[in-house]
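Residue-level structural notes
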Amino acid sequence: MLPYERPLLIKETKFDIRLWYLVTSIFPLTIRLFNSASREVFLRFSSKQYTFSNYHEAIHICNIAVQEKYDDEKRRKQRRRQEDPEESASSRSVHDQGWDCEKLNEYLKSMGYESEPYYDLIYPKITEAIVLMILAAQNHMERRRCRFELYDADFMLVKDTSDWLIEINIILRMHLTSFRLTRRLYSNVLESLMKVIMDVPVNACVDTGDFSLVYKQDIPDFQPYLGLYLFVAGKSMTLHEQKPTSEKERRANICGPWSKQHRARTALPMILRSREPNVADLIDHLKAARCTAAN
């Protein structure tokens, strides 16, 4: 059975985890994660109990826009007016309740998972998956100065608490919803985004709200080879050390009598200029030069 066929369920209902991250630089790669200090996320649920024998989207897709189509009409109108404070959590389905990381952690502990399952096992693996995913796509991303990109990522959990990435969204749906949790998170995301993109370029030590730096790529001292430039760094080597000669010996080898005789013997015969040279004189001159070289 494939991992996505045995998801981790909450009250027999499928869910996924939504979180946001911000990329402020492609090279060097810089990633900021929303609420990485408190590790806060929110959970989205399907509206029907999970079964693998039925492939209906109300069972398998936790997207809010999809699940709103299958809400009870009366309950939908009631949530639009106001949330009834007297309505107990037990009388509502898990789909109607806003779950955050604390609720998820407490639920996993009640199911028998040891220590702090969300904070110690799930969230570190989700953060690592986001960093590795962006690193894998770095060479295909457009490099442009003074730009940023806000993404949201959806993860599914299986029974062994391993995480599986479902999708990455670049067009975010952050309109007001009926859940108090999402209303608070959406406003915090947008407010923190303004702090990062407006204040950090002016002052790197300024408060960045709920976005925390989780990864910044190290840049080497020299630029890596990108196919445009190539340089070679090396050190010269001396294969045979020659005995140094004095200045007097060096000049004698160049201007000595032997070199004068050698130049006189190998010099080409001069053409008499009693008359203007013609083609026959040129041929004789070349023949004489060839004979001299042969001797």
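Each chain carries its own residue numbering, running from 1 in the direction its sequence is written. Only residues with pLDDT of at least 70 are given local features in this predicted model, and only at 80 or more are side-chain atom pairs given and counted; all residues enter the totals for whole chains, interfaces and linings. Side-chain measures were taken over the full set of non-hydrogen atoms in the model, leaving aside hydrogen atoms and water.

The name given to the protein chain in an unreviewed UniProt entry is Tubulin glycylase 3A, with Mycetomoellerius zeteki as the source organism. UniProt positions are given in the numbering used here, feature names are shortened, and annotations may be inferred rather than shown by experiment. UniProt, in the comment section headed Subcellular location (unreviewed entry), describes the protein chain in these words: "Cytoplasm".

Further remarks concern the overall build of the protein chain. Tallying secondary structure elements over the protein chain gives nine helices and eight strands in all. Scored against the burial criterion, the 295 residues of the protein chain give a buried share of 34%. Any pair of residues with heavy atoms lying within 4.5 Å of one another is described as a contacting pair. Partitioning the intrachain contacts of the protein chain with sequence separation of at least 6 by distance along the chain shows that 64% fall at a separation of at least 24. Accessible areas in this description were obtained via Shrake-Rupley with a 1.4 Å probe; residue shielding takes into account the shown protein chains only. Total accessible area on the protein chain is roughly 20,600 Å²; 55% of this is exposed by carbon and sulfur atoms. Counting from the N terminus, the helices are the DSSP runs of H or I reaching at least four residues and the strands are the DSSP runs of E reaching at least two. Three exposure classes are used, based on accessible area relative to the maximum for each residue type with a 1.4 Å probe and protein chains only: buried under 20%, partly exposed in between, and exposed over 50%.

Let us now look at helix α6 (residues 180–199). The span one expects for a helix is its residue count, reduced by one, times 1.5 Å. Taking 1.5 Å per residue as the helical rise, α6 with its 20 residues ought to reach 28 Å, and the 28 Å between its terminal C-alpha atoms agrees with that figure. Turning to α6, its buried residues number three or more, namely Leu-181, Thr-182, Leu-185, Tyr-186, Asn-188, Val-189, Ser-192, Leu-193 and Val-196.

For the peptide bond that leads from Phe-27 to Pro-28, omega is 0°, which places it in the cis range. Relative to the elements of secondary structure, Pro-28 occurs in the loop between β2 (13–25) and β3 (30–34). Even without glycine at this site, Glu-12 takes up a positive phi of about 60°. In this fold, Glu-12 is placed in the loop between β1 (9–10) and β2. Its identity as a non-glycine residue notwithstanding, Thr-161 has a phi of 65°, on the positive side. Tracing the sequence through the fold places Thr-161 in the loop between β6 (149–157) and β7 (163–169). On the accessibility criterion, Thr-161 (4% relative accessible area) is buried.

This brings us to the pattern of salt bridges. We count a salt bridge whenever a side-chain nitrogen from Lys or Arg sits within 4 Å of a carboxyl oxygen from Asp or Glu. By the definition in use, this model includes nine salt bridges. Residue Lys-195 is joined to Asp-207 by a salt bridge in which the shortest nitrogen-to-oxygen separation is 3.5 Å. Here Lys-195 is found in helix α6, whereas its partner Asp-207 is found in the loop between α6 and β8 (211–216), with 12 residues between them in sequence. A relative accessible area of 48% places Asp-207 in the partly exposed class.

Another point: the pairing of strand β4 (residues 42–45). A two-sided burial pattern is seen for β4, the buried positions comprising Phe-42 and Arg-44 on one face and Leu-43 and Phe-45 on the other. For two strands to be treated as a pair, DSSP must find no fewer than two bridges joining them. For β2 and β4, the ladder comprises four bridges, and the chain directions are antiparallel. Note on β4: the bridge partner recorded for Ile-17 is Leu-43.

For this analysis, a nonpolar core means a set of buried residues of the types Ala, Val, Leu, Ile, Met, Phe, Trp, Tyr and Cys, connected via side-chain atoms within 4.5 Å. Core analysis: the biggest nonpolar cluster contains 32 residues, and Phe-15, Ile-17, Tyr-21 and Leu-43 have the highest contact counts within it. Among the elements of the structure, β2, β3, β4, α4 (101–110), α5 (117–137) and β6 are those that each provide at least two residues to this core. Among the elements that take part in this core, α5 stands out by supplying eight residues, more than any other. Setting aside its immediate chain neighbours within four residues, Leu-43 contacts Ile-10, Phe-15, Asp-16, Ile-17, Trp-99, Asp-100 and Leu-104. Of all hydrophobic cores here, the second largest spans 15 residues; its members include Trp-20, Ile-64, Met-174 and Tyr-186.

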